[in-house]
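Tertiary structure, described
Okay, here's what each chain looks like letter by letter:
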Amino acid sequence: MAEPGVETRTRSSVITARAAASFDPVGRSVATARAFVRDTLQGWGYSDVVDDAVVLTSELVTNAVIHAGTSADVLCLRSEDGVRVEVADRYPEREVPIQGAGRAIANLDSENGRGLLLCAALASRWGVEYTPTHKTVWFQLDLPQRPVGTRSAGPVLPTAMLPVAEERVRVAVTQIDRTGTISAWNEDAERLFGYAADQVVGKPLTDLAAWPQTPGIGTGIAEALQMSRWEGSYGIRGLDGRVLPVYASHLRVRDADGEPSTVCLLVRDDERAVLQTPQRTPDSGAEHRSTDPFEVFIGSPAPDDLDGLLQRTVERARDMLDGDAAFLLLATDDETELEVRATTGLPSARQRFARVPVEAGAGRYGSARMPAVHEDLTAVPGAVPLLNSTGMRSVVTVPLKVEGRLTGSLGVAAESAGRYSNEEALRLQFAADRIALAVESARLGELERLRRGSLSFLVEASDLLAGTLDRDQTLALMAQMTVPTLAAWCAVYTIADQSSEPYLSYVLHEDEERIDGLKALLSKIDPPDPVPTPGARVWNAPAEAAQRAALLASKRELGLGSTPPVSSGIGTTLATAAAVGGETVVLPLVARNRVIGMLTLGKPSDDHFRQEILELAEDLSRRAALALDNSRLYSERVAISQSLQRSLLPPELPLIEGVEVEVIYRAAGEGNEVGGDFYDLFPIRDGAYGFAIGDVCGTGPEAAAVTGLARHALRLLAREGFGGPAVLERLNAAILDEGARSRFLTLLYGELWPQEDGSAILKVVCAGHPLPLRLRQDGTVEPAAEPQPLLGVMEDLELYEQMVTLDPGDVLLCVTDGVTERREGTRMLGDDGLSDVLTTCTGLTAGAVAARVLRAVERFAAEPASDDMAILAMRVPEPHNS
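Residues numbered from 1 in each chain as written. Predicted model: local features only at pLDDT ≥ 70, side-chain atom pairs only at ≥ 80, totals over all residues. Heavy atoms only, no water.

Focus on the overall build of the protein chain
Helices and strands together make up the secondary structure of the protein chain, namely 20 helices and 34 strands. Going through the 882 residues of the protein chain one by one, you find that 46% of them count as buried. Long-range pairs, those at least 24 residues apart, make up 62% of the contacts in the protein chain between residues at least 6 apart in sequence. On the protein chain, roughly 44,700 Å² of surface is accessible, and the fraction owed to carbon and sulfur atoms is 51%. (Helix = DSSP H or I, 4+ residues; strand = E, 2+ residues; numbered from the N terminus. Buried < 20%, exposed > 50% of the residue type's maximum accessible area, 1.4 Å probe, protein only. Contact = heavy atoms within 4.5 Å. Areas by Shrake-Rupley, 256 points an atom, 1.4 Å probe, with all protein chains shown as cover.)

Below, the structure is given as structure tokens:
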């Protein structure tokens, strides 16, 4: 029987959602379980009971994984009136302490059993259930009663204090399926961004969204679309190419079939009040709790990311001083510059990541390290460059300091003069002191994540660049690694040599439709100067040229009057101008103390690069420059190698009247045109021709050098009138003279005399080479020479030549051992296999014979040949019958 006050089951209610997870019996599982319950309940919109549910879950999971020593299963069940959480362990024998007479359920100072005491104190209902394998402790938390129809409400404000919006507030509604593809697009979305529904449905949201994310930092668009709820700012690229800042609210839903999708509501960023969720105010029952000054200013819960914290800060600062705009700048590590990181009421896209010096001047308010109040900016033009041309008249700024070190600057501005005094400066300084430590901590966390992300990015980039020696592929990799990770577009200029002008080699834009227009624009302007100074420098030429082109195109369009435009060129021109209207920087590509090119990175209109991105791009440019120069050196050496190799090959074969000749040559190894095997056929004197086919020991350049010596020596000695044995004996001496560079050589050398009766006489010497084979008209195959010693081994050789007569229809086949020694496992083609192939070639031309032999060699084994191969076929044709 259960004790009084403890239920063993809940009242029946309709379960509308459930979520479950299991946790291992280790200490860190407690924190993981807390996060699971918090995320689940916040996703369901049950923020009112999140804190109590997390506390109870923490205690019950601790009992399971620490005290009981088993894994814990956590199940969350949602109903219309509340939430039920069940925590089960695998220790059914461990019963719940029974409340006896005068004995409490648990001791407040003891961790063991304290979860049950908390359940009794916090839960609407709770209980314990036993099975043969599990013990489950559950608790029910009911939602607090609220007035019908009210979820949250704010005070009644005077009309003048209400947020400003256009006469017709448009809320774009789009639905994104599980793959990130747009599946619905309403009329307001069409009016806001210019796209009709049929133009965007079926396309990924990432094609339109300008997501403010740095590698390794913050939530990406893919992660945001997977969250149960998400709210924040980003940009949407309109049909005109411009980015429209929007404020968005995302809700993850599922249909009746369980298919998930995300509903996105979007408004213009300056109308964010339409969608922005009001911060929850503390209830009256919490007045006794201690108040944290940080949470008083920022609100609870505080944003857990730097951008969210900074944006909340400027909004609260603006509201606190009743300002029209606010801004927050973060100091660089050396405290010499301030970078704009968050603004409200200002054109943030134009100002984000822009930099201003910490020490702006020698005047009273020339340093950001001290509070400053400007009652009228028109009296001191340029005192706050950030506010130039914004219409702001008065401003108060205060420093953010941590342990005496400047970490940032916070400012609030108004459109009217004289709005602020030292009293407002003190209030703002007090708030800045409350948030400075949190901002610095979040900034350091962001920098650490950025460094980790940057290191991973550079490691991957180095691997990709090191994996190719092709120049075009290296250029493409450089561009693809920068767009869109580091920039919206990039262009790579290359410099062939010191006397050459930079050449536009590659252009890439994150929107493929903008590439042609961008390439045309950059082709019309002078390239940036090839300055070897490291670091990024601003290049204004593309933006200026794009603006001029857009202005001229607009004037031509207006000059047409009522005549319809003859082309859509103005659309492309305006889109290109929008694409390159932001900041453009140039980084030199320096390799081996020489500028070999420039890497140009660009942002769209009204956008700046942050310093960390420029530093990452500089690291990438150094690696890319070395990879690009390596590809250049490799290409040059390949060209030289191929040129030298081609010089070792014989020129075109001479035409021999009365004899068909065909040669097939294959060098082993990638990029090799010549190896250790060689062939030659050349005229000696009128009516006489020399031919040779040989094989130098080994492959590659060393063997090719000996082939060049042998081929040229054969021609020279034969034309000097030496016979076959004398030619080979002198070649043998020349090879031995090479000393350590000498290599032994097998060689078949012969002389050919076509005869008037249609036959041909040959004199051949076979020095250690595979024997030539003679194919007669009747299909018989026989060796056409006898073996003799190879060259390059012995000094004294006694060689002799043998005479062979080829009758009409006969074929003489000469090959290197790359043919006869073709292997497949333990099998080898061999001399007998070659003879069998040649037997089937009766009646074929010399070209057909060589081709059939090659085909047989290739089909003998599946693996590519590892040895050089040469095939020389000579055939005496049969006379044609008249």
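Some words on the packing of aromatic side chains
In this description, an aromatic ring pair is defined by two values, namely the gap between the centres and the angle between the planes. Applying the stated rule across the entire model yields five aromatic pairs. A ring pair is formed by Tyr 665 and Tyr 679, whose centres lie 5.8 Å apart and whose planes are at 50°; its orientation type is tilted. In this pair, Tyr 665 is assigned in strand β23 (residues 660-666) and Tyr 679 in strand β24 (residues 677-685), connecting sequence segments 14 residues apart. Residue class for Tyr 665 comes out buried when judged on its relative accessible area of 14%. The buried category is assigned to Tyr 679, whose relative accessible area is 13%. It is Arg 84 that lies over the ring of Trp 138; its NZ or CZ is 4.4 Å from the centre. (Phe/Tyr/Trp six-rings, centres within 6.5 Å; stacked < 30°, edge-to-face > 60°. Lys NZ or Arg CZ within 6 Å of the ring centre and 35° of its normal.)

As for helix α1 (residues 28-44)
The first and last C-alpha atoms of α1 sit 25 Å apart over 17 residues, in line with the 24 Å expected at 1.5 Å per residue. Within the span of α1, buried status applies to Ser 29, Val 30, Ala 33, Phe 36, Val 37, Thr 40, Leu 41, Gly 43 and Trp 44. On its buried side, α1 packs onto β1 (15-23), α2 (50-67), β2 (72-79), β3 (82-89) and β9 (229-237). (Expected span 1.5 Å × (residues − 1).)

Quick look at the pairing of β2
Most of β2 is tucked away, with seven of its eight residues classed as buried. Where β2 meets β3, seven bridges bridge the pair, whose relative direction is antiparallel. Directly across from Arg 78, in β3, lies its bridge partner Val 83. Hairpin connection of β2 to β3: two residues between the antiparallel strands. (Pairing = 2+ DSSP bridges.)

A few points about the packing of helix α10 (residues 422-466) against helix α11 (residues 471-482)
Two elements in contact, α10 and α11, have axes separated by 10 Å at closest approach and are oriented at 165°. Of the possible angle classes, the one that applies to α10 and α11 is roughly antiparallel. The two elements α10 and α11 meet at a crossing, and its hand is right-handed. Across from Phe 457, Ala 461, Leu 464 and Leu 465 in α10, the residues of α11 making contact are Thr 474, Leu 477, Met 478 and Met 481. Its residues placed into classes, the contact of α10 with α11 shows seven nonpolar, one polar and no charged. (Axes fitted to C-alpha atoms, helices over the stretch in contact; angles between N-to-C directions. Parallel < 35°, antiparallel > 145°, perpendicular 65-115°, else oblique. Left-handed = near helix turned anticlockwise from the far one by under 90°. Nonpolar A, V, L, I, M, F, W, Y, C, P; charged D, E, K, R; others polar.)

Some remarks on the environment of Val 26
Along the chain, the position of Val 26 falls in the loop between β1 and α1. As for Val 26 and Ser 71, which are separated by 45 residues in sequence, their C-alpha atoms are 8.2 Å apart.

Side note on the nonpolar core
Counting residues in hydrophobic clusters, the biggest one holds 51 residues, and the most contacted among them are Met 478, Leu 522, Leu 589 and Leu 601. Counting residues per element, this core draws most heavily on helix α15 (residues 611-648), which supplies nine residues. Apart from residues lying up to four places away in sequence, Leu 589 is in contact with Met 478, Val 492, Tyr 493, Arg 594, Val 595, Ile 596, Gly 597, Met 598, Leu 599, Ser 621, Ala 625 and Leu 628. Phe 36, Val 37, Val 49 and Val 50 belong to the second largest nonpolar core, which has 33 residues in total. (Core = buried A, V, L, I, M, F, W, Y, C linked by side-chain atoms within 4.5 Å.)

A look at the sheet that holds strand β27 (residues 760-767)
The sheet built from five strands is open, its strands ordered β24-β25-β26-β27-β30 with antiparallel pairing. The open sheet has two free edges, formed respectively by β24 and β30 (802-806), since each of these has just one partner strand. Pairwise comparison of adjacent strand axes, ignoring direction, gives a mean angle of 20° for this sheet. Relative to β27, strand β26 (residues 745-754) is paired through eight bridges, and the arrangement is antiparallel. When the sheet's bridge partners are listed, Tyr 749 is paired in β27 with Val 765.

Focus: helix α20 (residues 846-860)
With 15 residues, α20 ought to run about 21 Å at 1.5 Å a step, and its terminal C-alpha atoms sit 21 Å apart, in line with that. What α20 keeps buried is the set Ala 846, Val 849, Ala 850, Val 853, Leu 854, Val 857 and Phe 860. When α20 is viewed along its axis, its buried side chains cluster within an angular range of 130° and face the same direction. (Arc of directions from axis to C-beta.)

What to know about the sheet that holds strand β31 (residues 811-815)
As summarised here, the arrangement of the five strands in space is β23-β34-β31-β28-β29, forming an open sheet in which the pairing is antiparallel. Every interior strand has two partners, whereas the edge strands, β23 and β29 (781-783), have only one. Averaged over all adjacent pairs, the angle separating strand axes in this sheet is 20°, with direction ignored. Across three bridges, strand β28 (residues 773-775) lies against β31 in antiparallel orientation. Its bridge partner being in β31, Leu 773 is matched across the sheet by Leu 813.

Digging into the confidence of the model for the protein chain
Mean pLDDT over the protein chain stands at 80; residues scoring 70 or higher make up 82%. Low confidence marks residues 560-568, where pLDDT is under 50. Its contacts with residues over four positions away, or in another chain, come to two contacts. (pLDDT = per-residue confidence, 0-100.)

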